[in-house]
Amino acid sequence: MIPGCLVLVLIFIIWLRYELKKNSHNEDSFWETEAKANQTRKKSLDSLYYITIPTDSLPFFYDFDKKLDKIQEKILELSSKKIVNLSGITNTQLKLEYGTANLDTLSEYDENFTELTRTLYEWAVCLRDLDKLDAAITVLEYGITTCHIDTYNHYMLLGKLYVANGQHNKLPELINSANSLNCLMRDSIIRDLTMLSDYTV
């Protein structure tokens, strides 16, 4: 009769061999995909969703506040650049889709998106601090609906501004938007927006 401890050791060895084999297969698959991606020829980038900044409809205020002026200058500077949201897409996937030669260009577009995300948030905060809540809401709504920004800060600031501005009826729509997100903070965003909504009832 085989002792119980020996049975457990055998089960562990079998499991370990299985995991090592599986990980080895996954690693081989990764390098095969990477090799294929590195050989992909340059393709057109016309199919990308390029973000445009509607400088004629966003709430610009000139000679009103020095900090606000600097933020708005940055927005205007970004409006002349190509901006693409590539969040959640790996370099390997980008090379497979658009070719290795386009990787630097795509990285630049994505960096512009990161800069836009940060600047839009700073803009909204500055407008809020200047008691221009409607303008701050417009900036954040543009970021979420048009640019598909999925950061926790954007969603929560917009939710709080809805409450502060007496627009509680917009919270369910914002929560619904958060439900469609595919990011690590999705559940936290939904939870905290729901708590904010429940608190205002």
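Before any of the text, the structure's been laid out above.
On a predicted model such as this, the values are computed, not experimentally measured, just so you know.

A. A look at the packing of aromatic side chains. A complete count under the given rule lists four aromatic pairs for this structure. A ring pair is formed by Phe60 and Trp123, whose centres lie 5.0 Å apart and whose planes are at 50 degrees; its orientation type is tilted. Taken as a pair, Phe60 in the loop between α1 (4–38) and α2 (66–78) and Trp123 in helix α4 (residues 103–129) lie far apart in primary sequence, 63 residues in all. Owing to a relative accessible area of 14%, Phe60 belongs among the buried residues under this scheme. Taking relative accessible area as the criterion, Trp123 reaches 0% and is therefore assigned buried. Pairwise contacts between aromatic rings join Phe60, Tyr62 and Trp123 into one cluster. A cation over an aromatic ring shows up here: Lys132 above the ring of Phe64, its NZ or CZ 4.6 Å from the ring centre.

B. Examining the pattern of salt bridges more closely. Enumeration over the complete set of coordinates arrives at eight salt bridges. Between Asp192 and Arg191 there is a salt bridge, with its nearest N and O atoms 2.9 Å apart. We classify Arg191 as partly exposed; its relative accessible area is 47%. Sharing partners across several salt bridges, the network here consists of Lys74, Glu77, Lys81, Glu115 and Arg118.

C. Expanded view of the environment of Met185. Within the fold, Met185 resides in the loop between α7 (171–179) and α8 (186–200). C-alpha separation for the pair Met185 and Asp150, spaced 35 residues apart in sequence, amounts to 8.2 Å.

Cut-off values and rules
- Each residue is numbered by its place in its chain's sequence as written, counting from 1.
- Owing to the predicted nature of the model, reporting of local features is limited to residues with pLDDT of at least 70; listing and counting of side-chain atom pairs is limited to 80 or more, with chain, interface and lining totals taken over all residues.
- As a rule here, side-chain values come from all non-hydrogen atoms in the structure, and water together with hydrogens is ignored.
- Working definition: a ring pair exists when centres of Phe, Tyr or Trp rings (six-membered ring for Trp) sit within 6.5 Å. Plane angles under 30 degrees give stacked, over 60 give edge-to-face, the rest tilted.
- Strands are runs of DSSP state E lasting at least 2 residues, helices are runs of H or I lasting at least 4, and numbering of each runs from the N terminus.
- Accessibility here uses a 1.4 Å probe with only protein chains present; expressed as a share of the type maximum, an area under 20% marks a residue as buried, one over 50% as exposed, and anything in between as partly exposed.
- Either the NZ atom of lysine or the CZ atom of arginine qualifies as a charge over a ring when it sits within 6 Å of the ring centre and within 35 degrees of the ring normal.
- Only one rule defines a salt bridge in this text: a Lys or Arg side-chain nitrogen within 4 Å of an Asp or Glu carboxyl oxygen.

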